[in-house]
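# Observations on chain architecture
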Amino acid sequence: MQRKKLTEGVFLSAILADKFKTCRIAIHFLMPSRREDATCAALLPLVLERSCAAWPDMTEFSKKLAGLYGASLSAESTVQGTWRDVSISISGIKDRFALAGESLSAEYARVLFEVAFSPFLVNGAFEEDAVRIEKEKLRQILENEINEKRLYCLRQARRRFFGDSPAGVEKNGYLEELDAVTPKMLTDFYDRMVRTAQIELMVIGADEQAVACQLQSQLDAVQRSCQPLPAFQAMNVLEKPVQASEEMDTVQGKLCLLFTTGRLLDEEEYAAMRVASAIYGSLPTSRLFMNVREKQSLCYYCAAGFSAINGMLSVDSGIEHANARKAQKAILDELYRLQTELVTEKELEDAKRALEGALAGVEDSLYGIENWYLGGILRGSIQTPEQVACRIAPVTAQRVRQVFSMLHLSVVYLLKKGGVADE
């Protein structure tokens, strides 16, 4: 990957992706994650992907994409550590497959940047009907959050973990604020985003120069004043873990534990933590799967994952309501063993082999490539999957024990059924 600065606060990353017949172009607007912006930031992509000034009618816009050999466009909003990321992407076949030899890269870029920089406005604001319709879609997303109990439990635990910090801002905004969002409010947020956000343009398999020219012509019409982004921060280690529970009439209970390292890891430590978390709970041969699920039958599933952006390890499990206390103890016991005892050579090799396979699969999709390199940009350490694999290979059992010794329990969140005794 090659990343270069186009102008102040605007960067272009080009990736060849020769093995694909398709290409992908994505523009990411990165801003500080703020509670007061969250609902507008979640709603904006839904409105933007409907149409733009050049093709204000949804049917005409769909015809335009279909005319580009069935190109597809999408937009989304996420929270990345302390940053909000509003992105728009377009995918389609590569230039060399165009029947008439036309520059599809330039046309993809034109459509993408029309959506990003020239949305369909009525009297200087987003169309009222469009905002109303998309608000209802977002309302359904927010109201349905509780239906997926596993994700709901994880979110509730994260809310206790991050609290009011920027990393705790909700990706999908807040239901209680949705009715108050007006077309003008949404337009004001959009205008500020375009003027002040850091822009990361990802060009994967497309003509880099054609895309850059299209972007520059759009930026010439914008008065930009890019604001610096706050540094990512790990949550501090708590003196006493937060214990929280919620009663819910479900067949299966949910238990989530969150741990923090207290600081962000360097690349060597992160490589070791990849191996450690795989041994702990990311594989079918992991300690949590083999010991907590299989041998002790204390859960239906139990998985662990580590986030390098905020130094957090999460463990979530589905349990019998009466087994909550036993399951929590078993999960913590496995962590304690990894902090005090050396793992076996077989565990090390199994974990490394699995991670090598996962890293080899990163570049099996354009979306996977984009996410991988964007993640490196956000962390300030851009590496290829092969380079990361080289860091994983020399990780020792002693190193696994060292990085796991950095973890401290911060949150325990339980979804339980009322009236069921905890054994």
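Residues numbered from 1 in each chain as written. Predicted model: local features only at pLDDT ≥ 70, side-chain atom pairs only at ≥ 80, totals over all residues. Heavy atoms only, no water.

## Remarks on the nonpolar core
Side chains of a nonpolar character, in soluble globular proteins, are inclined to be buried together. The line we're drawing: Residues belong to a common nonpolar core when they are buried Ala, Val, Leu, Ile, Met, Phe, Trp, Tyr or Cys residues joined through side-chain atoms within 4.5 Å. Under the scheme applied here, a residue whose accessible area is under 20% of the maximum for its type counts as buried, over 50% as exposed, and between as partly exposed, the area being computed with a 1.4 Å probe on protein chains only. Any two residues having at least one pair of non-hydrogen atoms within 4.5 Å are treated as being in contact.
With 67 residues, the main nonpolar core has V275, Y280, V315, I331 and F404 as its most contacted residues. In this view, V275 contacts L348, A351, K352, L355, I392, V395 and V400; residues no more than four positions away in its chain are not counted. Core analysis: the second largest hydrophobic core is formed by 58 residues, L65, F113, F117 and M193 among them.

## Details of the pairing of strand β4 (residues 72-80)
Here is the rule: Strands are treated as partners if at least two bridges between them are detected by DSSP. What counts as a helix is a DSSP run of H or I of at least four residues, what counts as a strand is a run of E of at least two, and both are numbered from the N terminus.
Of the pairings in the sheet, the one linking β4 to strand β5 (residues 83-93) comprises nine bridges and is antiparallel in character. Following the sheet pairing, L73 is matched in β5 by I90. Connecting the antiparallel pair β4 and β5 is a turn made up of two residues, with G81 showing a positive phi of about 65°.

## What about the sheet that holds strand β10 (residues 253-260)?
Put simply, the rule reads: The angle between two axes is taken between their N-to-C directions and runs from 0 to 180 degrees, where each axis is a line fitted to C-alpha atoms and a helix contributes only its stretch in contact.
Strand order in the open sheet formed by five strands is β9-β13-β10-β12-β11, and the pairing between neighbours is mixed. The open sheet has two free edges, formed respectively by β9 (242-247) and β11 (301-307), since each of these has just one partner strand. The sheet shows a mean angle of 15° between the axes of neighbouring strands, taken without regard to direction. Examined bridge by bridge, β11 and strand β12 (residues 312-319) share seven bridges and lie antiparallel to one another. Within β12, the residue paired with Y301 across the bridge is G318. Running over the sheet, helix α9 (residues 267-282) touches β11 and β12 and is turned about 170° from β11.

## Quick word on the pairing of β12
With respect to burial, β12 is a largely interior element, eight of its eight residues being buried. Residues M312, S314, D316 and G318 of β12 are buried on one face, and the alternating residues L313, V315, S317 and I319, pointing to the opposite face, are buried as well. One ladder, built from eight bridges, connects β10 with β12; its direction is antiparallel. Looking at β12, one finds that L255 is bridged to S317. If you look at the hairpin formed by β11 and β12, you'll find four residues sitting between the two strands, and G311 has a positive phi there, around 65°.

## Overview of helix α3 (residues 104-117)
Along an α-helix, residues three or four apart share an orientation, since each turn contains 3.6 residues. We apply this condition: In this analysis, the expected span of each helix is defined as 1.5 Å times one less than the number of residues it contains.
Here α3 is 14 residues long and its end C-alpha atoms lie 19 Å apart, about the 20 Å a rise of 1.5 Å per residue gives. Burial analysis of α3 places twelve of its 14 residues in the buried class, which makes it a mostly covered element. All of the buried residues along α3 are L104, S105, A106, Y108, A109, V111, L112, F113, E114, V115, A116 and F117.

## Considerations on unusual backbone geometry
Even without being a glycine, N123 presents a positive backbone phi close to 55°. With respect to the helices and strands, N123 occurs in the loop between β6 (121-122) and β7 (125-126). On the basis of relative accessible area, N123 is assigned to the exposed category, the value being 82%. For S297, which is not glycine, the phi torsion reads 55° and is therefore positive. Mapped onto the elements, S297 comes out in the loop between α10 (287-295) and β11.

## Some words on the sheet that holds β5
Taken together, six strands build an open sheet; the order of strands is β1-β2-β8-β3-β5-β4 and the sheet is mixed. Two strands close off the open sheet at either side, each with one partner strand: β1 (2-7) and β4. Sheet twist, expressed as the mean angle between neighbouring strand axes with direction ignored, is 20°. As paired strands, strand β2 (residues 10-15) and strand β8 (residues 198-204) are joined by six bridges and run parallel to one another.

## A few points about the side chain of S87
Mapped onto the secondary structure, S87 falls in strand β5. Residue contacts for S87: discarding those within four places in its chain leaves I27, H28, S74, A75 and E76.

## Some thoughts on the packing of aromatic side chains
For any pair of aromatic rings, geometry is given as the distance between the ring centres together with the angle between the planes. As a reminder, the rule being used: Any two rings among Phe, Tyr and Trp, with Trp reduced to its six-membered ring, count as a pair given centres within 6.5 Å; such a pair is stacked if its planes are under 30 degrees apart, edge-to-face if over 60, and tilted if neither. A ring is considered to have a charge above it if a Lys NZ or an Arg CZ atom is located within 6 Å of its centre and within 35 degrees of its normal.
Taken as a whole and assessed by the stated rule, the structure comprises eight aromatic pairs. Aromatic side chains F126 and Y190 sit 5.8 Å apart centroid to centroid with 75° between the ring planes, which places their arrangement in the edge-to-face category. A residue pair is termed long-range when its members are at least 10 positions apart, and F126 in strand β7 and Y190 in helix α7 (residues 183-196) qualify at 64 residues. With relative accessibility at 4%, the residue F126 sits in the buried group. Within the aromatic cluster, the residues linked to one another by ring pairs are F29, F113 and F117. The ring of F11 carries the charged tip of R3 above its face, separated from the ring centre by 4.2 Å. Above the face of the Y174 ring, R35 is positioned so that its terminal group lies 3.4 Å from the ring centre.

## Section: the environment of E268
Checked against the element boundaries, E268 lands in helix α9. C-alpha separation for the pair E268 and V388, spaced 120 residues apart in sequence, amounts to 9.3 Å. Discounting residues that sit within four places of it in the chain, E268 has contacts with R391 and R399.

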